[in-house]
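The lines below spell out each chain.
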Amino acid sequence: MASALINVPKKAKRGEIIEIKTLMSHIMETGYRRTATGALVPRDIITSFTCRYNGVEIFRADLFPAIAANPFISFFTVATESGKFDFEWTGDEGFTETASAAISVE
Amino acid sequence: MRRSNNSSRRQFLGLAGGAAVIGAVPIITLRRSEATPAMLASAIRNVVGAAVVQTGRVKIDVPPLVENGNTVPMTVTVTSPMTADDYVKSIHVFNEKNPQPNIGNFYLGPRAGRGQISTRIRLADSQKIVAIAQLSDGSFWSVSADVVVTLAACTEEVI
């Protein structure tokens, strides 16, 4: 169901600072909203996001209900070597989703 | 002629009064699930412990006036050389008046290259946002920004 949108430059020079943008489709239900009948809608959010560069963790985030639906996270890293970025989102109700992107560094 | 004018004015005032009463109800329900400045202080305490938080080096980019609190773009930038022995360890963002005080914790490292993160957040009310950065030497730096929100997020009714 859920799907990710990743933006990583395909090529970079060694030592260059690159921006990584990620977007994950998710409702991020806060757990504070009520239906018209007054019942509380249970919380359903992504709680954690991790990015690994060739297996080494370079960025991690803890998310809370105050993050908007379809969480967008962007951050930077130094392009050190060609390889792969692995992204992982985990959340409530057993939600896990992964994505990856390749980069070639000259 | 004059009489009918008067009665329509009376009707209008009556309607306006009724609308004001209806409008007041959601404000009361919002207040109930608000984080208090004390909750904000204790959330910050949980992160920084007993350390002293200094002001400066951190910048929050967020629109000062927001129409829709459901998605507010926010960028936090920390001034740091980002070398192997002087870098930003983590960035923590808090709010004052959402139902709970945390927005997000972001863990960077020496490989980040730039001490900056962007995301989109929810704001339930016009309020203060606080960003705290922990540097590699263990020091904490903070900044706050005020945002005015016209349409609140988080607690609205599901239709």
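Only a predicted model underlies this, so the values are computations on that prediction, with no experimental measurement involved. (Residues numbered from 1 in each chain as written. Chains lettered and ligands numbered in written order. Predicted model: local features only at pLDDT ≥ 70, side-chain atom pairs only at ≥ 80, totals over all residues. Heavy atoms only, no water.)

A.B. asks: Can you lay out the overall build of chain A for me, pointing to particular residues and giving the numbers?
C.D. replies: Check the secondary structure of chain A and you find 0 helices and 8 strands. Sequence-ordered secondary structure for chain A, helices as α and strands as β, is β-β-β-β-β-β-β-β. Taken against the 2.2 N^0.38 rule, which gives 13 Å for 106 residues, the C-alpha radius of gyration of chain A at 16 Å runs more than 25% over that of a compact globule. For the C-alpha atoms alone, the extent of chain A along its principal axes is close to 60 × 20 × 20 Å. For chain A, the proportion of its 106 residues judged to be buried stands at 46%. (Helix = DSSP H or I, 4+ residues; strand = E, 2+ residues; numbered from the N terminus. Rg over C-alpha atoms; globule rule 2.2 N^0.38 Å. Buried < 20%, exposed > 50% of the residue type's maximum accessible area, 1.4 Å probe, protein only.)

A.B. asks: Report on the interface of chain A and chain B, specifying residues and quantitative values.
C.D. replies: Counting residues at the interface gives 33 residues for chain A and 30 residues for chain B. Contact between chain A and chain B buries roughly 2800 Å² in total, counting both sides, with carbon and sulfur atoms accounting for 54%. When the buried surface of chain A facing chain B is broken down by residue, A:Tyr32, A:Ala66 and A:Phe76 rank first, second and third, together holding 22% of it. Connecting chain A to chain B are 0 salt bridges. Here chain A is connected to chain B by 16 residue pairs in polar contact (both at pLDDT 80 or more). Those elements that place two or more of their residues in the side of chain A that touches chain B are strand S3 (17–24), strand S5 (56–63) and strand S6 (72–78) of chain A. Broken down by class, the residue content of the side of chain A that touches chain B amounts to 24 nonpolar, 5 polar and 4 charged. Here S6(A) pairs with strand S7 (residues 116–121) of chain B via 2 bridges, running antiparallel. Bridge pairing links A:Ile73 to B:Thr119 in S7(B). (Contact = heavy atoms within 4.5 Å. Buried area = accessible area lost by both parts, 1.4 Å probe. Salt bridge = Lys/Arg side-chain N within 4 Å of Asp/Glu carboxyl O. Polar contact = N/O pair within 3.5 Å; in protein donor to acceptor, adjacent residues only side chain to side chain. Nonpolar A, V, L, I, M, F, W, Y, C, P; charged D, E, K, R; others polar. Pairing = 2+ DSSP bridges.)

A.B. asks: Can you explain the environment of B:Arg114? Please cite residues and give values.
C.D. replies: Summarising the element assignment, B:Arg114 is placed in the loop between strand S6 (102–107) and S7. Aside from chain neighbours lying at most four places away, what touches B:Arg114 is A:Ile17, A:Phe76, B:Met82 and B:Leu108.

A.B. asks: Can you lay out the pairing of strand S4 (residues 46–53) of chain A for me, pointing to particular residues and giving the numbers?
C.D. replies: Residue and element names in this part refer to chain A. Most of S4 is tucked away: 6 of the 8 residues are buried. Where S4 and strand S7 (residues 83–91) come together, 7 bridges link them in antiparallel fashion. Bridging across to S7, Tyr-53 finds its partner in Phe-85. Across 6 bridges, the pairing between S4 and S5 is antiparallel. What sits directly across from Tyr-53, in S5, is Val-56. Remark: 2 residues form the turn of the hairpin made by S4 and S5, two consecutive strands paired antiparallel; Asn-54 in that turn has positive phi of roughly 50 degrees.

A.B. asks: Run through the confidence of the model for chain B, naming residues and quoting values.
C.D. replies: Residue and element names in this part refer to chain B. Per-residue confidence for chain B gives a mean pLDDT of 83, with 75% of residues at or over 70. When the criterion is pLDDT under 50, residues 22–32 qualifies, and its contacts beyond four places in sequence or with other chains add up to 3 contacts. With pTM at 0.82, the complex prediction returns an ipTM value of 0.92. (pLDDT = per-residue confidence, 0-100.)

A.B. asks: An account of helix H2 (residues 37–48) of chain B is requested, with residue identities and associated values reported.
C.D. replies: Residues and elements named next belong to chain B. With 12 residues, H2 ought to run about 16 Å at 1.5 Å a step, and its terminal C-alpha atoms sit 16 Å apart, in line with that. Here H2 has its buried residues at Leu-40, Ala-43, Ile-44 and Val-48. The arc that holds every buried residue of H2, seen down its axis, measures 125 degrees, which confines them to one face. Of the exposed residues in H2, those oriented more than 90 degrees away from the buried face are Ala-38 and Asn-46. Among the structural elements, strand S1 (53–55), strand S5 (88–95), S6, strand S8 (127–135) and strand S9 (140–151) are those in contact with the buried residues of H2. Of the residues flanking the end of H2, it is Gly-49, one or two places downstream, whose phi is positive at about 65 degrees. (Expected span 1.5 Å × (residues − 1). Arc of directions from axis to C-beta.)

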